[in-house]
Amino acid sequence: MNVSAISPDEAKKLITEGAALIDIREPDEYARENIPEAHLLPLSAIKNGARLGPLDPHDVVIFHCQSGMRSTQNAQKLAEIAEPARVLLLEGGLDSWKKLGQEVQEDKSQPMPMMRQVQIVAGALILLGVLLGYGVNQGFFLLPGFVGAGLMFAGVSGFCGMASLLAHMPWNRR
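Small disclaimer: the values here were computed from a predicted structure and weren't measured. (Residues numbered from 1 in each chain as written. Predicted model: local features only at pLDDT ≥ 70, side-chain atom pairs only at ≥ 80, totals over all residues. Heavy atoms only, no water.)

**Observations concerning helix α7 (residues 114-135)**
Then step 1. In a regular helix each residue adds 1.5 Å, so 22 residues correspond to 32 Å; α7 covers 31 Å between its end C-alpha atoms and thus fits that length.
Then step 2. Taken residue by residue, α7 has M114, Q117, V118, A122, G129 and G133 as its buried positions. Projected down its long axis, α7 shows its buried positions confined to an angular sector of 125 degrees, all on one face. In this structure, α7 carries Q119, L127, L131, Y134 and G135 as exposed residues pointing more than 90 degrees from its buried face. (Helix = DSSP H or I, 4+ residues; strand = E, 2+ residues; numbered from the N terminus. Expected span 1.5 Å × (residues − 1). Buried < 20%, exposed > 50% of the residue type's maximum accessible area, 1.4 Å probe, protein only. Arc of directions from axis to C-beta.)

**Details of the UniProt feature "transmembrane region" (unreviewed entry) in the chain**
Then step 1. Per the UniProt record, "transmembrane region" (unreviewed entry) is found at residues 118-136 and 142-167.
Then step 2. For residues 118-136, the helix share is 95%, the strand share is 0%, and the end-to-end C-alpha distance is 26 Å.
Then step 3. Counted over residues 142-167, helix gives 88% and strand 0%. Its end C-alpha atoms are 25 Å apart. (UniProt positions renumbered as here; feature names shortened; annotations may be inferred.)

**A few points about unusual backbone geometry**
Then step 1. The omega torsion across E83 and P84 is 5 degrees, close enough to zero to call that bond cis.
Then step 2. Within the fold, P84 resides in the loop between α5 (75-81) and β6 (86-90).

**With respect to the sheet that holds strand β1 (residues 4-6)**
Then step 1. Judged by pairing direction, the sheet is parallel, and its five strands sit side by side in the order β1-β6-β5-β2-β4 without closing on themselves. Both outer strands of the open sheet, β1 and β4 (38-40), are each paired with one neighbouring strand and no more. Each strand of the sheet is rotated relative to its neighbour by a mean of 40 degrees, with strand direction disregarded.
Then step 2. Where strand β2 (residues 20-23) lies against β4, three bridges are found, and the strand directions are parallel. (Pairing = 2+ DSSP bridges. Axes fitted to C-alpha atoms, helices over the stretch in contact; angles between N-to-C directions.)

**What about the side chain of E33?**
Then step 1. One can find E33 in strand β3 (residues 33-34).
Then step 2. The contacts of E33, once residues within four sequence positions are left out, are R25, Q66, L94, K98, V104, Q105 and E106. (Contact = heavy atoms within 4.5 Å.)

**Remarks on the layout of surface pockets**
Then step 1. Here the largest pocket defines a volume of roughly 420 Å³.
Then step 2. Among the elements of the structure, α2 (27-32), α7, α8 (142-157) and α9 (161-167) are those that each provide at least two residues to the lining of the largest pocket.
Then step 3. Broken down by element, the residue count for the lining of the largest pocket peaks at five residues, all from α7.
Then step 4. Residues of the lining of the largest pocket, tallied by class, amount to nine nonpolar, three polar and four charged. (1 Å grid on protein atoms, 1.4 Å probe; cavity = no way out; pocket = protein on both sides within 12 Å on 5 of 7 lines; lining within 4 Å. Points joined across faces, edges and corners; volume = space filled by probe spheres on them. Nonpolar A, V, L, I, M, F, W, Y, C, P; charged D, E, K, R; others polar.)

**A short note on the pattern of salt bridges**
Then step 1. Enumeration according to the criterion identifies six salt bridges in this entry.
Then step 2. In this structure, the salt-bridge partner of K13 is E17, at a minimum N-O distance of 3.2 Å. The exposure classification of K13 matches that of E17, with both residues exposed.
Then step 3. E106 serves as the salt-bridge partner of K108, at 3.1 Å between the closest nitrogen and oxygen.
Then step 4. On the accessibility criterion, E106 (46% relative accessible area) is partly exposed. (Salt bridge = Lys/Arg side-chain N within 4 Å of Asp/Glu carboxyl O.)

**Quick word on the environment of M152**
Then step 1. Tracing the backbone through its elements, the reader meets M152 in helix α8.
Then step 2. Sequence-wise, M152 and V136 are 16 residues apart; in three dimensions their C-alpha atoms are separated by 27 Å.

**A closer look at the packing of α7 against α8**
Then step 1. Following both chains from N to C, one finds α7 and α8 inclined at 150 degrees, their axes separated by 7 Å at the closest point. Of the possible angle classes, the one that applies to α7 and α8 is roughly antiparallel. Across the interface between the two elements, V118, A122, L125, I126, G129 and V130 from α7 touch L143, P144, V147 and L151 from α8.
Then step 2. Looking at the contact of α7 with α8, its residues break down into nine nonpolar, one polar and no charged. (Parallel < 35°, antiparallel > 145°, perpendicular 65-115°, else oblique.)

Below you can see the structure in the form of structure tokens.
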């Protein structure tokens, strides 16, 4: 199935004509900021078998993520779950939508997306370990090594212990 990208302006026009806009980001990302017309169907749910439907060949489905990267990388899978509808990708994702001044709903009271939290904590721990390793004791160099091993394990296994730990923090409880 042929999947093509469209600009935010083209997408807005198609949405007003009845096209479905599907946000494939995760629920924490969606809760913090989303396009009002978008329906959430996280990529993780799609990978676990979620589908759209029932759809007809004349239906139009526009998928988007934050920057367009996840949508593009998973274009074939997105086309499969929306068959037989016409599938389009929002070029540049939510970022390009906002750049053109299109409407978004924001809730800054929602926690930052989990992956950003993991990146901040991992980066801080690595920097701390390096600084303490040079300034206090070389044994602190084990900290960046431990964090790096954890990130590598998360990438290989799909399980991120740091994300699981951060999910239980008070600011992430809703």
